[in-house]
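Descriptive structure summary
Below are the chains, spelled out letter by letter.
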Amino acid sequence: MKRILTFLFAAIFAFMAFSVSDMVLVEKGTFQMGGLWGDGANFESPVHEVTFTNDLLIGKYEVTFDEYDVFCEETGRIRPGDEGWGRGSRPVINVSWHDAIAYCNWLSQKETLPFAYDSNGNLLDNNGEITVDTINVAGYRLPTEAEWEFAARGGTKSSGFEYAGSNSLEEVGWFDSNSEGMTHEVGQKLPNELGLYDMSGNVWEWCSDMFDEYPDSPQINPYKTIGFGGPVMRGGSWEYEARSAWVASRDCGSEFAKSNGLGFRICRTIPDPADTAAFPDKGIVLLLPEDKAVFENFPRLMKFEWLPVNLPEGTTYQIEIEYCWKFSNSIDEPEFFGIWAEGNYSPWISRSGLTATVLDHEFIGSQPGRWRVGYKDESGEIKWTDWRYFRFH
């Protein structure tokens, strides 16, 4: 069941993606990161174990001029130059790391997702707080260096190729020997085991984290905020030799640098279905029309959209609430009572709707949780709405 839910999450996320670049599922797993075939040059050693605890959606292609130009038009940015090679489906070039993360935030905003980055390039969680844990980031972002290499290798479907999808770079990528001195439209070469194109060659790709020496111990969801270099660049490009396109090859650049051989692709973390209570919903279920005024009198509540259940007036209904931890509660109100059941609190609310007293007892504090509404249909059977997730300030 958990695996089915994971694929449902992935399907929904991919369907909602605004970007023309399709998103590909990268299932969580463990791999050996680093230079498995060479001498560990350019800080590709030591080889170390990396584990990912959440699945990932990553762009099937590098972000193209077609996609990036829409961003520029809507935000008033100057379009980056194309060197006279053409725009369209070629990967966007001449964009800095800050340009790339601004594109990610714009894409998140178009889909009403939280921003993944602040103005300084720090990752943000769903509440807008700085985080170093990518599983708490809901918006579009750049892949971490480890995520990029795992995806380039083919994830859990890896065949162990030196390049992304083959031991022959000619089959899967554009590099100095076959590019004719320019970028090429995305998706013209063979994909890797996951169906990702141009992970080797065409353009270098910005990663989210900073360049540093590798650790010599196993890592879980690694993300480097500080290093002796700037943001990581991966994949090689049209003007570099084949070795730069190895799936283990790494480089870095200034966060403000721009190049005609440098672009990016986007990704998103897929929340584990078991962790969904940690992700606040857009809003809270509104039960009866008069409840809206009650909620608006409570400044502790997060800003939310009103999402009516549209129950008939006077319907007796039940709210089932699950918090991340238990808390004490008063049951002195005559129209309100409830019992604890395996950590779930299920109060029955009167026909008059939610009262300020009930809210004051129930929704104090900052604990996240979820609730759903149950009501009796004509046959007397309890019907439940979907769970709604919330977090209070």
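Residues numbered from 1 in each chain as written. Predicted model: local features only at pLDDT ≥ 70, side-chain atom pairs only at ≥ 80, totals over all residues. Heavy atoms only, no water.

The number of helices and strands found in the protein is seven helices and 19 strands. Here the protein holds 393 residues, and 54% of them are scored as buried. Carbon and sulfur atoms make up 51% of the accessible area of the protein, which totals about 17600 Å². (Helix = DSSP H or I, 4+ residues; strand = E, 2+ residues; numbered from the N terminus. Buried < 20%, exposed > 50% of the residue type's maximum accessible area, 1.4 Å probe, protein only. Areas by Shrake-Rupley, 256 points an atom, 1.4 Å probe, with all protein chains shown as cover.)

Strand order in this open sheet of four strands is β8-β7-β5-β9, and the pairing throughout is mixed. The sheet is open, and its two borders are formed by β8 (250-252) and β9 (262-263), each paired with just one other strand. As paired elements, strand β5 (residues 204-210) and strand β7 (residues 231-234) share three bridges and run antiparallel to each other. Its bridge partner lying in β7, M210 is registered against P231. Sitting on the sheet, helix α3 (residues 97-110) is in contact with β5 and β7, with an inclination near 85° to β5. (Pairing = 2+ DSSP bridges. Contact = heavy atoms within 4.5 Å. Axes fitted to C-alpha atoms, helices over the stretch in contact; angles between N-to-C directions.)

As a further point, take the layout of surface pockets. Over the atoms, a rolling probe the size of a water molecule traces out where space has been left empty. The calculated volume of the second largest pocket comes to roughly 210 Å³. Around the second largest pocket, the lining comprises 16 residues; the ones closest to its centre are Y214, P215, P222, Y223 and K224. Contributing elements (two or more residues each) for the lining of the second largest pocket: α4 (145-152) and β5. Of the residues belonging to the lining of the second largest pocket, the class tally is seven nonpolar, three polar and six charged. (1 Å grid on protein atoms, 1.4 Å probe; cavity = no way out; pocket = protein on both sides within 12 Å on 5 of 7 lines; lining within 4 Å. Points joined across faces, edges and corners; volume = space filled by probe spheres on them. Nonpolar A, V, L, I, M, F, W, Y, C, P; charged D, E, K, R; others polar.)

It is worth spelling out the sheet that holds strand β10 (residues 267-269) at this point. Judged by pairing direction, the sheet is antiparallel, and its three strands sit side by side in the order β1-β4-β10 without closing on themselves. At either margin of the open sheet sits one strand with a lone partner, and together these are β1 (23-26) and β10. Neighbour-to-neighbour, the strand axes of the sheet open up by a mean angle of 20°, direction not taken into account. Two elements, β1 and strand β4 (residues 56-59), share four bridges in a ladder whose sense is antiparallel. By the bridge assignment for β4, V24 is matched with I58.

Let us look at the environment of V24. For V24, the position within the fold is in strand β1. For V24, a relative accessible area of 9% gives the class buried. Sequence spacing of V24 and C267 is 243 residues, and the spatial spacing of their C-alpha atoms is 9.0 Å. In contact with V24, not counting residues within four places along its chain, are L56, L57, I58, K60, L194, G195 and L196.

Scanning the model with the defined rule gives 17 aromatic pairs in all. Relative to F211, the ring of F43 lies with its centre 5.8 Å away and its plane at 85°, an arrangement referred to as edge-to-face. A residue pair is termed long-range when its members are at least 10 positions apart, and F43 in the loop between β2 (30-33) and β3 (48-51) and F211 in the loop between β5 and β6 (219-220) qualify at 168 residues. Where W85 meets W238, the ring centres are 5.2 Å apart and the plane angle is 85°; that geometry is what we call edge-to-face. Taken together, the positions of W85 in the loop between α2 (65-75) and α3 and W238 in the loop between β7 and β8 put the pair 153 residues apart, joining distant regions of the chain. (Phe/Tyr/Trp six-rings, centres within 6.5 Å; stacked < 30°, edge-to-face > 60°.)

Let us look at the nonpolar core. Of all hydrophobic cores here, the largest spans 38 residues; its most connected members are Y68, Y103, L142, W206, F264 and I266. For this core, the secondary structure elements donating two or more residues are β1, α2, α3 and β5. In terms of residue count, α3 provides more of this core than any other element does, eight residues in total. The residues contacting L142, other than those within four sequence positions of it, are W97, A100, I101, C104, Y117, W206, C207, S208, F264, R265 and C267. Listed in part, the 23 residues of the second largest apolar core include V50, A146, A151 and C207. (Core = buried A, V, L, I, M, F, W, Y, C linked by side-chain atoms within 4.5 Å.)

Another aspect to go through is α4. Of all eight residues making up α4, eight are buried, and the element is well covered by its neighbours. Along α4, the positions that sit buried rather than exposed are E145, A146, E147, W148, E149, F150, A151 and A152. Taken from the residues just after α4, G154 is the one with a positive phi, measuring 105°.

Moving on: α2. All of the buried residues in α2 are F65, E67, Y68, D69, F71 and C72. In this fold, the buried residues of α2 make contact with α3. Once α2 finishes, G76 follows within two positions and takes phi at roughly 80°, a positive value.

Note that all results are geometric; they support no functional claim without further evidence.
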